[in-house]
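# Descriptive analysis of the structure
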Amino acid sequence: MKAMVLNKISSVEEKPLQLVDLPDPVPDSEQILVRVSACGVCHTELDEIEGRVSPSRFPMVLGHEIVGRVEKLGTEVTKYKQGDRVGIAWINWACGQCSFCLKGEENLCDQAKWTGMDVDGGYAEYTVVSEDFAYPIPEKFTDLQAAPLLCAGVIGYRALRLSGIEDGKVLGLYGFGASAHIVIQVVKYKYPNCQVFVFSRPGQKEHQDLARKLGADWTGVTGDTPPAKLNYAIDFTPVGASVREALRNLEKGGRVVINAIRKTTPIPELDYAEYLWHEKEIKSVANVTRRDAQEFLPLAAEISIVPEIQEFKLEEANEALILLNQGKIRGAGVLNIL
Ligand SMILES: [Zn+2]
Ligand SMILES: [Zn+2]
């Protein structure tokens, strides 16, 4: 099979992914072999390439927003048949027995494996996964549309859930890329009386236009003071400064949720009285559970979420990642692998 592999920690500007031929993976008894048709491009790949989180071996096939069709079944597979369309997300496997797994917090399992970091992912023509960690894709979506739902969508949904959002309140979104543009559609559907304020980087006019088209009540740049205090903020940016900005604009008793596996720059010093007192909270989001995906995918179909897609060929993965790093992808970048 054709695959784009990462051989070592590198700068994304050096176009580190290399097109190679690999043997087709072989499913074990509980796994399915999936012919990949689409794979979304995620900030986590930038973190892996640049070493903020490291793949557990090299070469590694990155990519964890995978859509494809079941081509072969392990001998004990019962949930899928050949030809079924499935999605694969960031969580690839969890032990099922530790205290976290038993509480449904498999996203915190010490032994969990992550797609495209511990096992080969979706920047390739084929991949394998346990049948328990694949999801049916609602018919409403094309393969390319469904791909970003599997991380940008699912983790955005988790972040929104962890914010504790209630209708009628004010939500701030810092960064308006693949995840936030899906989250705003969920908010507008489930919490129609919430106001949503969107903060992007200076110069990202396209992101602000898209935010307004999707119902943002106000748009500005990080550093701006919005027309009202935020009851909740979700920070999707790769930088630390936006955490302090969100806290500065936060209402008393509010919560900032940080949706990032790593930050590229530190969070600036937080003066306690100014940024944290009055019961302000900070919560990070770590990974996803199967439940997040199982709940979000049908909801996305019910809402008729329309992911904005910028399409690339498998061979163009480096270029897609460079554009992502520069904040230049409108909506979500997706590799078309057919
Ligand atoms: Zn991701
Ligand atoms: Zn576990």
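Here, every reference points to the structure presented above.
Notes on the structure in this doc start here. Since we're looking at a predicted model, the values are computed, not measured.

### Re the overall build of the chain
Counting its secondary structure elements, the chain contains 9 helices and 18 strands. For 338 residues, the compact-globule estimate of 2.2 N^0.38 gives 20 Å, and the chain sits close to it at 19 Å. Along the first, second and third principal axes, the C-alpha atoms of the chain reach 60 × 40 × 35 Å. Put simply, the chain has 338 residues, and 57% of those count as buried. Here the contacts in the chain between residues at least 6 apart in sequence split such that 73% fall between residues at least 24 apart. On the chain, roughly 14,200 Å² of surface is accessible, and the fraction owed to carbon and sulfur atoms is 49%. Side-chain charges of the chain comprise 37 positive and 46 negative groups, with the mean position of each set lying 4 Å from the other.

### Comments concerning the nonpolar core
Core analysis: the largest hydrophobic core is formed by 106 residues, its most contacted members being Y123 and L173. Residue contributions to this core peak at 13 residues, all from helix α3 (residues 143-163). Not counting residues within four places of it along the chain, the set of residues in contact with L173 comprises A180, V183, I184, V196, F197, V198, F199, I234 and F236. Judged by nonpolar contacts, the second largest core, of 14 residues, contains W218, L230, L247 and V256.

### Looking at the pairing of strand β15 (residues 250-258)
Here 5 bridges tie strand β14 (residues 230-235) to β15, and the two strands are oriented parallel to one another. Each residue of the ladder has a partner; that of Y232, found in β15, is R255. Of the strand pairs in this sheet, β15 and strand β16 (residues 281-284) are connected by 4 bridges, and their pairing is parallel. What sits directly across from V257, in β16, is K283.

### Let's talk about helix α8 (residues 290-303)
The first and last C-alpha atoms of α8 sit 20 Å apart over 14 residues, in line with the 20 Å expected at 1.5 Å per residue. Every buried residue belonging to α8 is among D292, A293, F296, L297, L299, A300, A301 and I303, and all of these are buried. For α8, the elements touching its buried residues are β10 (135-136), α3 and α4 (180-190).

### Structural notes on the side chain of E245
With respect to the helices and strands, E245 occurs in helix α6 (residues 241-248). Engagement of the side chain of E245 in a polar contact is seen with the backbone nitrogen of G223, the distance being 3.3 Å. Apart from the residues lying within four places of it in its own chain, the contact partners of E245 are Y174, T222, G223 and D224.

### Digging into α6
Helical periodicity: at 3.6 residues per turn, an α-helix aligns residues three or four positions apart in one direction. By the burial criterion, the buried members of α6 are S242, V243, E245, A246 and L247. Here the buried face of α6 lies against β11 (170-174), β14, β15, α7 (272-276) and β16.

### As for unusual backbone geometry
Negative phi values dominate among residues other than glycine, just as trans dominates among peptide bonds. The omega torsion across F58 and P59 is -10 degrees, close enough to zero to call that bond cis. Checked against the element boundaries, P59 lands in the loop between α1 (43-49) and β4 (60-61). Unlike most non-glycine residues, H278 shows phi in positive territory, near 70 degrees. Its location among the elements puts H278 in the loop between α7 and β16. Among the residues examined, H278 registers a relative accessible area of 38% and is labelled partly exposed. A positive phi is found at S304, a non-glycine position, where the angle reads about 60 degrees. Note on placement: S304 falls in the loop between α8 and β17 (309-313). Residue classification places S304 among the partly exposed residues on the basis of a relative accessible area of 34%.

### Quick word on the pattern of salt bridges
Any two side chains of opposite charge can pair if their charged atoms end up close together. Enumeration over the complete set of coordinates arrives at 23 salt bridges. In this structure, R85 engages D143 in a salt bridge whose closest nitrogen and oxygen atoms are separated by 2.7 Å. Within this pair, whereas R85 is found in strand β6 (residues 85-88), its partner D143 is found in helix α3, the two being separated by 58 residues in sequence. The burial state of R85 is the same as that of D143; both residues are buried. Salt bridges linked by common partners bring D47, E50 and R52 together as one network.

### Here we look at the coordination of the zinc ion (ligand 1)
Surrounding the zinc ion (ligand 1) are the protein donor atoms C42 (SG), H64 (NE2) and C151 (SG), at 2.0 to 2.2 Å. Here the donor residues for the zinc ion (ligand 1) map to a single chain with the spacing C-x21-H-x86-C. Placement of the pair is C42 in the loop between β3 (31-40) and α1 and H64 in the loop between β4 and β5 (66-73), with a sequence separation of 22 residues. On the basis of relative accessibility, which here comes to 1%, the residue H64 falls in the buried class.

### Observations concerning the coordination of the zinc ion (ligand 2)
At the metal site, the zinc ion (ligand 2) is ligated by C95 (SG), C98 (SG), C101 (SG) and C109 (SG), and these contacts range over 2.3 to 2.4 Å. In this structure, the zinc ion (ligand 2) is coordinated by 4 donor atoms arranged in tetrahedral fashion, with angles at the metal of 106 to 116 degrees. Counting the intervening residues between successive donors of the zinc ion (ligand 2) yields the motif C-x2-C-x2-C-x7-C. Side by side, C95 and C101 carry an identical accessibility label, which is buried.

Rules used throughout
Residues numbered from 1 in each chain as written. Chains lettered and ligands numbered in written order. Predicted model: local features only at pLDDT ≥ 70, side-chain atom pairs only at ≥ 80, totals over all residues. Heavy atoms only, no water. Helix = DSSP H or I, 4+ residues; strand = E, 2+ residues; numbered from the N terminus. Rg over C-alpha atoms; globule rule 2.2 N^0.38 Å. Buried < 20%, exposed > 50% of the residue type's maximum accessible area, 1.4 Å probe, protein only. Contact = heavy atoms within 4.5 Å. Areas by Shrake-Rupley, 256 points an atom, 1.4 Å probe, with all protein chains shown as cover. Lys, Arg positive; Asp, Glu negative; His and termini not counted. Charge placed at Lys NZ, Arg CZ, Asp CG, Glu CD. Core = buried A, V, L, I, M, F, W, Y, C linked by side-chain atoms within 4.5 Å. Pairing = 2+ DSSP bridges. Expected span 1.5 Å × (residues − 1). Polar contact = N/O pair within 3.5 Å; in protein donor to acceptor, adjacent residues only side chain to side chain. Salt bridge = Lys/Arg side-chain N within 4 Å of Asp/Glu carboxyl O. Donors = N, O, S within 2.8 Å, 3.2 Å for Na, K, Ca; no water. Tetrahedral: all angles 85-135°; square planar, octahedral: opposite > 155°, others 65-115°.

Read these as spatial facts, not as claims about activity.
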